[in-house]
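Architecture and fold: a report
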Amino acid sequence: MASKQSTVDFILAQVAKAGTVYAKKMFGEYAIYCDKKVVALVCDDQLFIKPTIAGKAFVSNYIEGPPYPGAKPYLLIAGEMWDDREWLTDIIKITAAELPLPKKKAPRRKHVPNEYKS
């Protein structure tokens with residue numbers, strides 16, 4: 001079941017003060033970014049935060065679960081916690097602070113047909 005855009009919009013509104021936050025749709029689900037880092041996934045209208053040492057300490061009594069079959073476990077954030085804007089913003093900021101910036105991708109090489117190679 002794909003996540004609803006309205007769910008993602010609500011989460012983004014709640015964590016707007018965490019930094020530069022936005023979402024990208026991927027295979028019917030969404031990745032939540034904070035300052036260019038993937039910090040969470042929204043799958044089946046559930047919020048999964050990337051697990052970090054500081055994030056686990058902040059949540060303390062957390063539940064882990066895979067956001068999709070075959071995925072590593074993430075911190076599953078209960079729906080009632082979404083209404084606590086300050087708490088949700090804090091967990092996003094804490095998670096983003098511990099994650100590295102994504103590596104820059106090498107530029108794509110253009111495919112040259114064999115007939116033009118020397």
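Residues numbered from 1 in each chain as written. Predicted model: local features only at pLDDT ≥ 70, side-chain atom pairs only at ≥ 80, totals over all residues. Heavy atoms only, no water.

Let us now look at the overall build of the protein chain. Across its full length, the protein chain holds three helices and six strands. N-terminal to C-terminal, the α/β element order of the protein chain is α-β-β-β-β-α-β-β-α. For 118 residues, the compact-globule formula gives about 13 Å, and the C-alpha radius of gyration of the protein chain, at 17 Å, lies well above that figure. Its C-alpha atoms give the protein chain principal-axis dimensions of roughly 65 × 30 × 25 Å. (Helix = DSSP H or I, 4+ residues; strand = E, 2+ residues; numbered from the N terminus. Rg over C-alpha atoms; globule rule 2.2 N^0.38 Å.)

As a further point, take helix α1 (residues 5–14). Within the span of α1, buried status applies to Thr-7, Val-8, Ile-11, Leu-12 and Gln-14. With its buried residues spanning 160° around the axis, α1 presents them on a single face. On the buried face of α1, the contacting elements are β1 (21–26), β2 (29–34), β3 (37–43), β4 (46–49) and α3 (85–98). (Buried < 20%, exposed > 50% of the residue type's maximum accessible area, 1.4 Å probe, protein only. Arc of directions from axis to C-beta. Contact = heavy atoms within 4.5 Å.)

What follows concerns the layout of surface pockets. In this model, the largest pocket occupies a volume close to 290 Å³. Around the largest pocket, the lining comprises 14 residues; the ones closest to its centre are Met-26, Glu-29, Leu-41, Cys-43 and Tyr-68. In terms of residue class, the lining of the largest pocket is built from 11 nonpolar, no polar and three charged. (1 Å grid on protein atoms, 1.4 Å probe; cavity = no way out; pocket = protein on both sides within 12 Å on 5 of 7 lines; lining within 4 Å. Points joined across faces, edges and corners; volume = space filled by probe spheres on them. Nonpolar A, V, L, I, M, F, W, Y, C, P; charged D, E, K, R; others polar.)

A word on a negative patch on the surface. Together, Glu-80, Asp-83, Asp-84 and Glu-86 make up a region of like negative charge exposed at the surface. Residue placement: Glu-80 occurs in the loop between β6 (74–77) and α3. The exposure class of Glu-80 is exposed, given its relative accessible area of 60%. (Patch = residues over 30% accessible without salt bridge, like charges linked within 9 Å, V, L, I, M, F, W, Y side chains within 5 Å. Areas by Shrake-Rupley, 256 points an atom, 1.4 Å probe, with all protein chains shown as cover. Salt bridge = Lys/Arg side-chain N within 4 Å of Asp/Glu carboxyl O. Lys, Arg positive; Asp, Glu negative; His and termini not counted. Charge placed at Lys NZ, Arg CZ, Asp CG, Glu CD.)

Now for the environment of Asp-44. For Asp-44, the location among the structural elements is in the loop between β3 and β4. Overall, the relative accessible area of 34% leaves Asp-44 in the partly exposed class. Taking C-alpha positions, Asp-44 is 22 Å from Lys-56, a pair spaced 12 residues apart along the chain.

To continue, consider the pattern of salt bridges. Applying the stated criterion to the full structure yields two salt bridges. The salt bridge partner of Asp-45 is Lys-4, with a shortest N-O separation of 3.9 Å. Placement of the pair is Asp-45 in the loop between β3 and β4 and Lys-4 in the segment before α1, with a sequence separation of 41 residues. With a relative accessible area of 18%, Asp-45 lands in the buried category.

This part is about the nonpolar core. One recurring pattern in soluble globular proteins: nonpolar side chains tend to sit buried together. Grouped together as the largest cluster of nonpolar side chains are 24 residues, with contacts concentrated most on Val-39, Leu-47, Ile-49, Ile-77, Leu-88 and Ile-92. Counting residues per element, the ones that place at least two in this core are α1, β2, β3, β4, β6 and α3. Sort the elements by how many residues they give to this core and α3 lands first, with five residues. In contact with Leu-88, other than residues within four places in its own chain, are Gln-14, Val-15, Leu-47, Ile-77, Met-81 and Trp-82. Among the nonpolar cores identified, the runner-up in size contains six residues, and Ala-31, Cys-43, Phe-48 and Tyr-74 belong to it. (Core = buried A, V, L, I, M, F, W, Y, C linked by side-chain atoms within 4.5 Å.)

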